[in-house]
Amino acid sequence: MIELRTPSEIVELQTAGAFVGRVLEATRDAAAVGVNTLELDALAHDMIRAEGAESCYIDYHPSFGASPFGKVICISVNDAVLHGLPHDYVLQDGDLVSLDFAASVNGWVSDSALSIVVGTPRPEDLKIIELTEVALAAGIAAATVGNKIGDISAAIGDVAHASRIKVNMDFGGHGVGRVMHGDPHIPNDGRAHRGLPLRAGLVFAVEPWFMLGTDKIYTDADGWTLRSRDGSRGAHSEHTIAITEDGPLVLSARSS
Ligand code: MG
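Note that this is a predicted model, so its numbers are computed, not measured.

K.L.:
How do you make sense of the nonpolar core when you look at a structure like this?
P.N.:
Here is a general trend for soluble globular proteins: nonpolar side chains tend to be buried in one another's company. With 27 residues, the main nonpolar core has Ile 128, Ile 152, Leu 198, Phe 204, Val 206 and Phe 210 as its most contacted residues. Breaking this core down by element, the ones donating at least two residues are α3 (123-141), α4 (149-162), β8 (203-206) and β13 (239-244). In this structure Ile 128 touches Leu 96, Ile 165, Phe 210, Met 211, Leu 212 and Ala 235, once residues within four positions along its chain are discounted. If you look at the next biggest cluster of nonpolar residues, it comprises 24 residues, including Ala 31, Val 35, Ile 48 and Phe 101.

Set out below in structure tokens:
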């Protein structure tokens with residue numbers, strides 16, 4: 001079901017987005033060579049408790065998950081690209097780390113993700129991160145009243161195709177509101193001028209994620225973490241946005 005949010009509800013969603021942005025900043029800044037990913041999860045969990053927020057992940061148990069997620073942040077390292085379940089793993093020099101975080105504040109959800117390299121980066125890793133950031137910006141720029149969902153998908157896909165990146169279509173953007181995942185679905189590739197017309201009050205996550213060598217994934221033995229089938233590394237950039245008459249509003253904006 002597609003739901004439209006009122007301006008006052010969008011203010012509430014912006015509050016949730018600001019919190020999600022702060023948690024991503026804190027976990028990003030704490031991520032470094034020698035840090036255990038469980039420490040980053042604990043940091044996010046402490047911030048959730050201090051805020052009186054609720055994790056969207058800890059009890060999350062969709063059909064594709066082996067069991068409830070049990071952690072509050074997805075940390076996907078190197079060939080892990082989505083839904084990375086934090087493990088007892090110490091970050092190594094050059095690791096490509098994607099942080100994906102969603103929480104509910106006063107009953108309203110926001111969902112956002114970013115990728116970084118800890119230590120000395122490989123040039124191709126910086127490139128794949130940048131591509132997801134450029135694709136996210138392009139997708140958001142296309143999220144205007146009068147456009148359609150397909151315009152967002154095409155804008156994201158065009159960035160990938162220009163760099164010969166193949167796009168996985170299994171997971172993409174999604175409606176965000178009282179819960180983390182709702183309609184509409186926003187594929188990371190598609191045809192312009194097709195699909196749902198964009199109206200003021202629509203709130204959804206836009207989340208390009210690309211892998212360097214493939215569009216195929218498999219599920220790790222942990223039942224959650226999705227890895228590239230060829231072992232190549234991936235990156236992920238996501239914001240929750242609202243469509244307004246004045247253009248797209250990034251609800252999960254970070255100050256840095
Ligand atoms: Mg997310």
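Don't stop here, the text continues.
K.L.:
Hey, could you run me through the coordination of the magnesium ion in this one?
P.N.:
The reference angle at a metal is 109.5 degrees if four donors form a tetrahedron and 90 or 180 degrees if six donors form an octahedron. Protein-derived coordination of the magnesium ion comes from Asp 100 (OD), Asp 100 (OD), Asp 111 (OD) and Glu 238 (OE), at a distance range of 2.0 to 2.8 Å. Positions of the donor residues of the magnesium ion along the chain correspond to the pattern D-x10-D-x126-E. Of this pair, Asp 100 sits in strand β4 (residues 96-105) while Glu 238 sits in the loop between β12 (234-236) and β13, placing them 138 residues apart in sequence. The buried category is assigned to Asp 100, whose relative accessible area is 9%. For Glu 238, a relative accessible area of 0% gives the class buried.

Here is what the cut-offs are and how they apply
- Residues numbered from 1 in each chain as written.
- Predicted model: local features only at pLDDT ≥ 70, side-chain atom pairs only at ≥ 80, totals over all residues.
- Heavy atoms only, no water.
- Core = buried A, V, L, I, M, F, W, Y, C linked by side-chain atoms within 4.5 Å.
- Buried < 20%, exposed > 50% of the residue type's maximum accessible area, 1.4 Å probe, protein only.
- Helix = DSSP H or I, 4+ residues; strand = E, 2+ residues; numbered from the N terminus.
- Contact = heavy atoms within 4.5 Å.
- Donors = N, O, S within 2.8 Å, 3.2 Å for Na, K, Ca; no water.

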